[in-house]
Amino acid sequence: MKEYIFRRTLHMIITLFAMVTIMFFLFRLLPGDPTMTVISSAMYPKAQEAMRVQFGLDKPLLHQYMIYLKNLATFDFGFSFHSSRSVSELLGGRIVNTLVLVLPSMILAYGLGALFGALMGWYRGSAFEAVLVLLATLLQAAPVFWIGMMAILVFSLNLGWFPTGHLVTPGMFIDQDLRMYLSADFLHHLALPFIVHTAYQICFPLLLMRSSMLSTVGEDFIEFARIKGLRERRILFRHAARNSLLPVATTIPMILGWALAGSVVIETVFSWPGLGLMMIEGVQRSDFPVVQAAFFLIAVLTILGTFAADLLYGVLDPRIVYD
Amino acid sequence: MKWLMHFVRAVHESRAGRISFYIVVACIVLAFIGPWIAPYGPFERVYDPVTERLIRLSPPTRDHWLGTTTLGRDIFSQLLWGFRSAIVVGFATAFGVVAIGVNVGLISGYMGGRVDTVMMRLTDIFLGLPFLPFIIVILAITGRSTTTIIIAMTLIMWRSAARVVRAQVLSIKQQSFVAAARTTGGGDLSIIYREIAPNIMPIALVNVAFSLAWAIITEASIGFLGYGDAKAISWGTIIHDAYASQMMYQAPWWVVPPGIAIMVLVSAVYFLGRAYEHVVNPRLAGQ
Amino acid sequence: MTGNQNNRDADEADDSALVDITDLSIRFRTKRGMANALESVSLAVPRKASMGLVGESGCGKSTLMKAVIGVLSENAEVTSGSVMYNGTDLMRADAEALRSIRWSEISMITQSALNSLNPVMTVGDQIIEAIQAHRHMSKADLNNLVVKMLTLVGVDPRRMHDYPHQFSGGMRQRAIIAMSLVLNPELVLADEPTTSLDMIVQDQIFRSIRDLQVQLGFSMLLVTHDLAVVIENCSRIAVMYAGQIVEEGSVASVVGAPFHPYTLGLKNSLPSIERMHEPIAIPGAPPDPIAMPPGCRFAPRCPFAIPRCREQRPNLEQMGDGHASACHRNADMPGLRMEAAEFSTWARASETNHASQESIS
């Protein structure tokens with residue numbers, strides 16, 4: 001077990017390192033002067049010169065790469081062209097905003113998806129199952145931004161139940177602190193993107209759990225549980241669903257990665273100031289330090305999520321061999 | 001061709017598969033003839049024949065079934081043109097993804113050892129890259145065109161296909177006919193492509209379907225975010241135009257149809273993939 | 001009506017059958033059509049004794065067992081008959097009544113313990129949940145009972161916290177046996193309980209089952225394709241072929257002096273010291289359950305078949321001493337047993353039957 005964790009950690013570090021290297025070259029390929037990544041042409045020549053030295057842009061590529069690694073490791077992403085504040089300063093709140101939206105809704109989506117998927121597999125052939133399969137497939141097939149727009153159209157504009165976007169009502173809070181995140185106003189703003197995101201994310205675990213159940217209910221140990229005279233509820237949850245959960249759990253890191261990467265879309269629709277929107281705005285404004293930082297953080301969160309899910313899987317399946 | 005026939009027969013076994021098959025075929029046909037039967041060009045501005053004024057943001061009328069945009073473009077025509085880019089980008093990406101995925105999976109799974117380790121680490125790295133942000137950065141580097149969109153999507157989507165194929169190759173490798181081919185002195189390449197490859201065709205086809213679905217949704221997302229091909233109209237860019245004009249909620253006729261088009265096509269593709277998967281993988285049937 | 005039942009009516013009440021299966025017919029809906037799994041099966045499982053049920057795979061013995069424990073698959077259809085247990089007809093009882101009878105009164109030792117155990121639950125927990133489904137017990141009592149049962153079957157009770165995959169094949173089978181006896185049931189169904197194990201372990205397992213039977217006094221219905229296992233462990237035997245019981249009686253009588261040619265054929269599969277050659281397998285295959293032959297179902301493979309066998313279905317006929325056989329040539333059999341032990345007899349049968357089938361088609 002210890003060795004397993006050690007090995008996974010090692011893998012994670014290698015992946016992270018490779019990803020960072022890809023980024024280094026990717027961002028130097030962006031059109032224009034390579035120094036564009038960190039230096040804006042709008043700066044005074046003197047300031048430009050100072051930054052060139054700070055980021056080692058006058059040095060050979062390898063040296064630049066070392067400096068780049070050092071900067072990333074210390075979360076020093078330089079200064080935004082747009083706001084001329086330090087990027088790391090801008091990032092803090094953005095990470096929280098993305099995680100507040102994505103994490104709880106992913107947990108809810110997997111929880112509800114597994115539960116309803118289990119029921120769908122158990123009651124296969126029923127109208128309940130058929131309707132949910134159709135609904136989930138349609139929802140999964142629609143682009144999430146479009147679902148978001150439809151939700152705004154119906155629930156915000158026609159029914160007036162929710163605001164159309166943003167974190168809080170403009171001007172209500174000066175600082176993004178705990179008081180804001182716990183306020184009713186914030187939760188009111190969070191509700192619609194949260195519901196849309198959860199509804200969209202639920203489809204995948206739901207359908208996967210269903211098909212996983214379909215193969216589990218054919219297993220001998222389910223029939224044996226029945227022979228033992230166990231109650232149906234117990235067979236459903238403790239035996240069938242519990243075992244069907246394993247292949248569903250393996251997809252958590254992949255889907256978490258998609259959800260984080262997909263934050264660019266959902267955050268755009270709801271003007272939700274998270275990492276995704278930050279990145280999109282950055283690309284539009286050619287604010288490359290911001291883009292690079294947002295990209296980096298989304299990737300790091302994805303890789304960390306994979307790592308956590310690997311460990312979780314070890315807990316769920318006692319048969320896993322730690323090699 | 002043999003595989004295509006097998007596929008068509010397999011998906012016809014269920015009602016959902018049959019209906020989906022005809023929806024997808026209809027969409028492919030529309031991709032060909034859509035631009036011909038469209039009453040207007042995708043960027044053509046329509047004027048009132050009497051007043052000779054631009055028809056801006058008109059709700060659906062007899063002449064303009066789905067209304068017009070703020071720039072006076074006929075949405076029904078745009079929607080018809082959109083079939084072409086959805087189908088072209090979708091299929092090109094799906095085949096690219098599966099071609100790379102199948103080859104990586106085959107070589108990695110068959111060779112094993114160090115080759116496998118290196119290739120799987122590479123796949124892991126790609127799995128760590130954020131999907132849409134990666135595509136957007138690539139498009140920022142290469143510029144926006146249909147070709148670059150296809151390349152950018154293929155570049156990041158092959159990773160899942162490779163994993164699935166590799167797992168399948170690992171189990172096929174255990175079967176006796178592979179060992180038989182080895183003892184009769186077949187070269188590695190001939191075993192991989194003559195003996196193993198035909199056996200992963202079913203799973204490759206399932207992957208084509210799921211990649212196609214994903215590619216269509218992703219292309220729409222790229223369009224929505226404003227990175228679509230500026231010279232071609234796609235369902236994503238229609239929604240983007242509506243969004244950017246800030247008139248989307250005043251003009252539901254503008255945003256609702258392209259979304260429904262995506263939803264219907266993609267869910268048909270999903271059902272098609274699942275119907276086929278059901279036939280080639282009977283374990284999913286439950287009994 | 002068999003003579004069996006007449007005997008029983010005359011005997012003491014306690015001598016009545018524990019499970020009384022009467023005229024049970026079951027068929028399955030399949031893609032190809034209706035498959036006859038059981039046809040008019042009557043069988044009395046005795047109290048505090050072991051009964052063996054032998055037959056080739058697909059003869060319906062597993063279906064019979066599933067019917068008794070009430071886990072027939074969804075496509076099964078019971079077309080006639082009853083399975084009486086303590087005055088309850090298991091074919092017609094409601095779900096909750098069946099659930100409470102399962103395991104506490106009729107339990108089962110399955111073929112593959114590995115597949116029957118839930119891979120993500122400890123062995124001890126799986127025994128405990130079986131108890132809890134039927135009895136209210138304190139945690140300490142539950143634990144003590146599991147420890148007692150595991151010890152009884154020869155598994156180190158400290159291993160109760162292990163998962164099934166951490167057990168050896170023999171230990172898993174023992175754990176299943178412990179589980180099957182934990183509620184002190186009246187009847188234990190055993191479905192090829194040792195096929196997945198090697199000979200030595202098989203022997204140990206059966207020995208401990210016999211010991212436990214003496215200690216705890218349960219009945220056993222042992223389903224197997226292996227006649228030798230029945231001879232060693234059972235006092236009564238029923239031979240099944242193609243969904244019907246073809247011969248039934250005490251092991252001594254049925255194995256010692258069989259009447260049905262199929263039983264004679266099965267006997268040839270036993271390794272024998274008297275016979276100097278290899279065991280003889282019965283040539284041919286059982287009939288297609290979707291298109292059963294009209295007369296005796298064994299006739300197409302039978303070396304002694306006469307034209308009547310292909311037209312008229314034989315019924316179970318009492319041959320004395322509670323021994324019944326369903327063959328038109330029951331009366332001729334004592335004179336044919338020697339011939340039935342010869343390899344050439346069966347080889348000839350396969351040729352002539354093959355030829356006659358071809359001439360028909």
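Placed above this text is the structure.
All values reported here derive from a predicted model rather than from experimental measurement.

About the cut-offs
Residues numbered from 1 in each chain as written. Chains lettered and ligands numbered in written order. Predicted model: local features only at pLDDT ≥ 70, side-chain atom pairs only at ≥ 80, totals over all residues. Axes fitted to C-alpha atoms, helices over the stretch in contact; angles between N-to-C directions. Helix = DSSP H or I, 4+ residues; strand = E, 2+ residues; numbered from the N terminus. Parallel < 35°, antiparallel > 145°, perpendicular 65-115°, else oblique. Left-handed = near helix turned anticlockwise from the far one by under 90°. Contact = placed C-beta atoms within 7 Å. Nonpolar A, V, L, I, M, F, W, Y, C, P; charged D, E, K, R; others polar. Pairing = 2+ DSSP bridges. Buried ≥ 20, exposed ≤ 12 C-beta atoms within 10 Å, placed from the backbone.

Draft legend 1. Representation of the packing of helix α2 (residues 15-37) of chain B against helix α10 (residues 252-280) of chain B within the structure. All names here are of chain B. Contact geometry for α2 and α10: axes closest at 8 Å, N-to-C directions at 135 degrees. The orientation of α2 with respect to α10, classified from their angle, is oblique. Note on packing geometry: the crossing formed by α2 with α10 is left-handed. Of the residues in α10, those in contact with Ala 16, Gly 17, Ser 20, Phe 21, Ile 23, Val 24 and Cys 27 of α2 are Val 264, Leu 265, Ala 268, Val 269, Phe 271, Leu 272 and Ala 275. Split by residue class, the contact of α2 with α10 holds twelve nonpolar, two polar and no charged.

Draft legend 2. Representation of the environment of C:Ile290. The topology assignment puts C:Ile290 in the loop between α11 (261-268) and α12 (307-311). The spacing of C:Ile290 and C:Met34 is 256 residues in sequence and 5.8 Å in space, taken between C-alpha atoms.

Draft legend 3. Quick look at the sheet that holds strand β11 (residues 317-318) of chain C. All names here are of chain C. Sheet architecture is open: eight strands sit in the order β6-β7-β8-β3-β9-β10-β12-β11, paired in mixed fashion. Every other strand in the sheet has two partners, leaving β6 (106-109) and β11 as the edge strands with one partner each. Of the pairings in the sheet, the one linking strand β7 (residues 187-191) to strand β8 (residues 219-224) comprises five bridges and is parallel in character. Counted as the bridge partner of Ala 190 is Leu 222 from β8. Here helix α2 (residues 61-69) sits on the sheet and contacts β3 (50-54), β6, β7, β8 and β9 (236-241); the angle it forms with β7, its principal contact strand, is near 150 degrees. Sheet strands touched by α11: β3, β9 and β10 (244-250). Its angle to β9, the strand with the most contacts, is close to 105 degrees.

Draft legend 4. The pairing of β6(C), seen in detail. Residue and element names in this part refer to chain C. Burial of β6 is two-sided: the residues Ile 106 and Met 108 facing one way and the residues Ser 107 and Ile 109 facing the other way are all buried. Of the strand pairs in this sheet, β6 and β7 are connected by four bridges, and their pairing is parallel. Bridging across to β7, Ile 109 finds its partner in Ala 190.

Draft legend 5. Local environment of the interface of chain A and chain C. Taken together, the contact pairs 17 residues of chain A with 22 residues of chain C. Elements that contribute at least two residues to the side of chain A that touches chain C include exactly α9 (220-227) and α10 (232-249) of chain A. For the side of chain A that touches chain C, the element with the highest residue contribution is α9(A), accounting for six residues. Its residues assigned to classes, the side of chain A that touches chain C comprises five nonpolar, three polar and nine charged.

Draft legend 6. Representation of the sheet that holds strand β2 (residues 34-45) of chain C within the structure. All names here are of chain C. The sheet built from four strands is open, its strands ordered β2-β1-β4-β5 with antiparallel pairing. What marks the edges here is a single partner per strand, and that holds for β2 and β5 (88-89). The sheet contact formed by strand β1 (residues 19-29) and strand β4 (residues 76-85) spans eight bridges and is antiparallel. By the bridge assignment, Ile 21 is partnered in β4 with Val 83.

Draft legend 7. Structural view of the pairing of β4(C). Residue and element names in this part refer to chain C. Pairing of β4 with β5 involves two bridges; the strand directions are antiparallel. By the bridge assignment for β5, Met 84 is matched with Asp 89. Counted between consecutive antiparallel strands, the loop separating β4 from β5 contains two residues, among which Asn 86 sits at a positive phi close to 50 degrees.

Draft legend 8. Broad picture of the interface of chain A and chain B. At the junction of the two partners, chain A supplies 45 residues and chain B supplies 36 residues. Of all the elements in the fold, those that place two or more residues in the side of chain A that touches chain B are α1 (2-28), α5 (127-141), α6 (144-158), α8 (184-216), α11 (252-269), α12 (275-284) and α13 (288-316) of chain A. Looking at which element gives the most residues to the side of chain A that touches chain B, the answer is α11(A), with nine residues.

So yeah, pure geometry; function would need other evidence.
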